[in-house]
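Residue-level structural notes
Residues per chain, in single letters:
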Amino acid sequence: ARVRLNSFELGRPFFGVQIAELPDPHVATPEAQALVAHVRTLAEQHAELQQGKLTPEVLELVRAAEDPGQLADLLATQLVTEMPDRQHLLEELEPIKRLESVAIRLLGEIDMLTLEQKIKDRVREQIDKNQREYYLRERLKAIHDELGGEGGNEIEQLREKVRAKGLGPDIEERLLKEVTRLERMPTISAEATVVRNYLDWALGLPWHVRSEDSLDLDVAEEVLNEDHYGLDQVKDRIIEFLAVRKLTSEREGGRPNATILCLAGPPGVGKTSLGRSVAESMGRKFVRISLGGVRDEAEIRGHRRTYIGAFPGRILQAMKTAGTQNPVLLLDEIDKLSSDQRGDPSSALLEVLDPEQNHAFVDHYLDLPYDLSDVLFICTANQIAPIPRPLRDRMEIVEIGGYTEDEKVEIARRYLLPKQLEAHGLTAEQLEIPDKLLIEIIRGYTREAGVRNLERQIAAVCRKVAREYVKGKRAGKQRLTAARLEEYLGPRRFGYDEQISGQHVGVAIGLGWTEVGGELIPVEVATMPGHGQLTITGQAGDVMQESARAALSYARSRAEALDIAPNFQEKIDLHIHLPEGATPKDGPSAGITMATALISALTKRPVRHDVAMTGEITLRGRVLPIGGLKEKTLAAHRAGIRRLVAPAENRRDLPTFPKNIQKEMEFIWVSSMDEVIAQVLVQSEDKVLPPLPMAVPAPNPLALPEVAGEAHGS
Ligand code: ADP
């Protein structure tokens, strides 16, 4: 019982005292009951959290206790160990207050215990996880070992490889991260394959691998001459370009001149092979990137790695092929780039070519800065106009016009034939092609500004001859004959171009300039009863159609002077046709040709056909200069025509023409349509120009029909 000491009665042999008992007052309020119930629950919780402190017997008593004072005393004896606290509780006479104190203490202890438990749990979890991973990794290693020891080492090997590349800290760290990612993935998952491919790619690129540059201009000149006939101006320009590059890369700071060489000209004139020679003369690797038809930015700059099947763009692919960081990259057919909604490849290319940016070129796939500043870029194009302006501004354009027949013969004899003989395992004795037959191949089986088809035809001959040798049909030396040439290549494919002898009404020979070089474009005009309709057929483009209308308007406005029936358009329809309807043609330079054919058809005065013509026409009959006269002249020359009507202002182009062309061609420079008519329309017998000797005493397999003549029976 709880008592209070009132007085001491005895001293010996022990203390005797007077006491007064202090019984707990009886409390049975609802509040007291609620408190008792609450403390009971707390006691249960406590027992659960800290086993062993409250024994099951004590818990029994707790569960049975009704009286708050008793419950408080019971728990205090079990839980409270510190003397002052015990004394404090003992002295508390108010049972409710005493139980409250115990409750507070219980709550505090429960909080502490829960926290402890939480920490314990967490620690255990961590240990479990680490152990599990350790265990699994050990298992995996064991499996790899069983499978042949490969994969287990793969990760370490990759790490080694990354470190060995000397990539610089940033890039190395990024790649090592990828390796760690790979390590965490199941070896044969699709994702792991993606990461592995990526690492393969990144490690396959040349980083800091360079070939030794040897920029000796004499050597460069030698190499260029060795592989290419003629092209003196082009070679000079290339040598100058290399000289500037050498000087600028040797100065302080070492950044070479930023202009990019662009070789422009028709197919087969040697652009690619000049590029290859430049690489060879500098001792650099050479890789060609074809840009024809590239319309997607991603083809230059790669696809992001998030796409399945993503791969790097063509630039990095080429770098991988090159295997060095300073190759010559030939960007072929840069004029054939196009752009659509998938982004503009030319702007990506601009970044590639810009020395301010290309030392840290970022491909979407690789996603790491890659240094392109040591690459020597050379572009090629068939035409200059379609090259996007900003790109063109970066370029030094060197035009290659096309070859004359003589040059082609030289190229064939010195380069193409030996090359093809070698490629087909033949010796020079086994197949000799005399010049006469080379000319025959050029005239009868090719029609081009370059020499690509010529090379192909020579290859075809070599093939046939090789076959005969192997079959034993032939032995010893062979000199090709005309008969055998026809047997090998079939009947000749081209006459000596569109026929050019005689005189025809309503037909004039114009000259066009396409990306494959110059071409003859005959224009035919037929008149028929009608009401002044003008029809144009043969795939004439918009500009050409307009130029036909201008020619017609000119003819009408000059009807009287030209002796054309006034109001002729009330009675007849006109049809202008450009044969070879399958080839699209455009441009203003057929103006004077169409006007000539029209006037010829209307006046019935025939056109001389040993003359070709080119020039733009205005409504008042002025003749304006045109582009590509050199290519056009070469085409006319190829076709055996030796007289050309051309705009007077184009006379300035003449000095750039090959010497033999200047000598052999007769140019009639005109500035008005009246002069054209005076020169090419036959007036009467006495005014006809003296006939020129034709270059080719040609049979006439492709003679033009006399269109206008037939229609009117003249
Ligand atoms: P392009 O790139 O201009 O279309 P290529 O460089 O592919 O032309 O040339 C086609 C072929 O013609 C190649 O075999 C090339 O060696 C040859 N060729 C072109 N021009 C010459 C030349 N002037 N001398 C020797 N071979 C030439």
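In what follows, the accompanying structure is described.

The rules behind each value
- Residues numbered from 1 in each chain as written.
- Predicted model: local features only at pLDDT ≥ 70, side-chain atom pairs only at ≥ 80, totals over all residues.
- Heavy atoms only, no water.
- Helix = DSSP H or I, 4+ residues; strand = E, 2+ residues; numbered from the N terminus.
- Rg over C-alpha atoms; globule rule 2.2 N^0.38 Å.
- Buried < 20%, exposed > 50% of the residue type's maximum accessible area, 1.4 Å probe, protein only.
- Contact = heavy atoms within 4.5 Å.
- Areas by Shrake-Rupley, 256 points an atom, 1.4 Å probe, with all protein chains shown as cover.
- Lys, Arg positive; Asp, Glu negative; His and termini not counted.
- Charge placed at Lys NZ, Arg CZ, Asp CG, Glu CD.
- Near = heavy atom within 4 Å.
- Polar contact = N/O pair within 3.5 Å; in protein donor to acceptor, adjacent residues only side chain to side chain.
- Nonpolar A, V, L, I, M, F, W, Y, C, P; charged D, E, K, R; others polar.
- Pairing = 2+ DSSP bridges.
- Core = buried A, V, L, I, M, F, W, Y, C linked by side-chain atoms within 4.5 Å.
- Salt bridge = Lys/Arg side-chain N within 4 Å of Asp/Glu carboxyl O.

Secondary structure assignment for the protein chain yields 26 helices and 20 strands. Taking 2.2 N^0.38 as the reference for a compact globule, 714 residues should give roughly 27 Å; the C-alpha atoms of the protein chain span a radius of gyration of 49 Å, well beyond that estimate. Once the C-alpha set of the protein chain is aligned to its principal axes, its extents read approximately 175 × 70 × 55 Å. Classification of the 714 residues of the protein chain by burial places 45% in the buried group. The contacts of the protein chain with a sequence gap of at least 6 include a subset with a gap of at least 24, amounting to 74%. Just so you have it, the protein chain exposes about 37100 Å², and 51% of that area is on carbon and sulfur atoms. For the protein chain, the distance from the average site of its 91 positive side-chain charges to the average site of its 110 negative ones is 5 Å.

On to the site of the ligand, then. Around the ligand sit 20 residues, and of these G268, K271, T272, K419 and R452 come closest. Note that a nitrogen atom of the ligand is positioned 3.3 Å from one of the backbone N or O atoms of V269. Within the contact set of the ligand, an oxygen atom lies 2.9 Å away from a side-chain nitrogen or oxygen of E455. Coverage of the ligand by the protein chains reaches 90% of its 560 Å² of free accessible surface. If you list the elements that add at least two residues to the shell around the ligand, you get helix 11 (271-282), helix 16 (405-423) and helix 18 (452-471). Here the shell around the ligand is composed, by residue class, of ten nonpolar, five polar and five charged.

Although it is not a glycine, D367 adopts a positive phi angle of roughly 60 degrees. Tracing the backbone through its elements, the reader meets D367 in the loop between strand 6 (361-362) and strand 7 (369-370). The exposure class of D367 is partly exposed, given its relative accessible area of 38%. Backbone geometry places K604, a non-glycine residue, at a positive phi of 65 degrees. Among the secondary structure elements, K604 is positioned in the loop between helix 22 (591-603) and strand 15 (607-608). By relative accessible area, which is 33% here, K604 ends up partly exposed.

The next point concerns the pairing of strand 3 (residues 260-264). Burial of strand 3 is extensive: five of the five residues sit out of reach of the surface. Neither face of strand 3 is left uncovered, since the one carrying I260, C262 and A264 and the one carrying L261 and L263 both have all their residues buried. Inspection of the sheet shows strand 3 paired to strand 9 (residues 395-399) by five bridges, in the parallel sense. Bridge pairing links C262 to I397 in strand 9. As paired elements, strand 3 and strand 8 (residues 376-381) share four bridges and run parallel to each other. Residue L261 lies in a different strand from strand 8, and its bridge partner there is I378.

Core analysis: the biggest nonpolar cluster contains 53 residues, and L175, L291, I315, L331, I334 and L349 have the highest contact counts within it. Ignoring sequence-local partners within four residues, the contact set of L291 consists of I300, L331, D332, E333, I334, K336, L337 and L349.

Right, let's get into the pattern of salt bridges. Where side chains of opposite charge bring their charged atoms close, a pairing between them can arise. By the definition in use, this model includes 36 salt bridges. Between R98 and D73 there is a salt bridge, and its shortest N-O distance comes to 2.9 Å. Taken as a pair, R98 in helix 5 (residues 95-147) and D73 in helix 3 (residues 68-79) lie far apart in primary sequence, 25 residues in all. By relative accessible area, R98 is classed as buried at 1%. Using a relative accessible area of 26% as the deciding quantity, one classes D73 as partly exposed. A salt bridge links E156 to R159, with the nearest nitrogen and oxygen atoms 2.8 Å apart. Taken together, the residues E156 and R159, both in helix 6 (residues 150-164) and three residues apart, mark about one turn of the helix. Judged by relative accessible area, which is 43%, E156 ranks as partly exposed.

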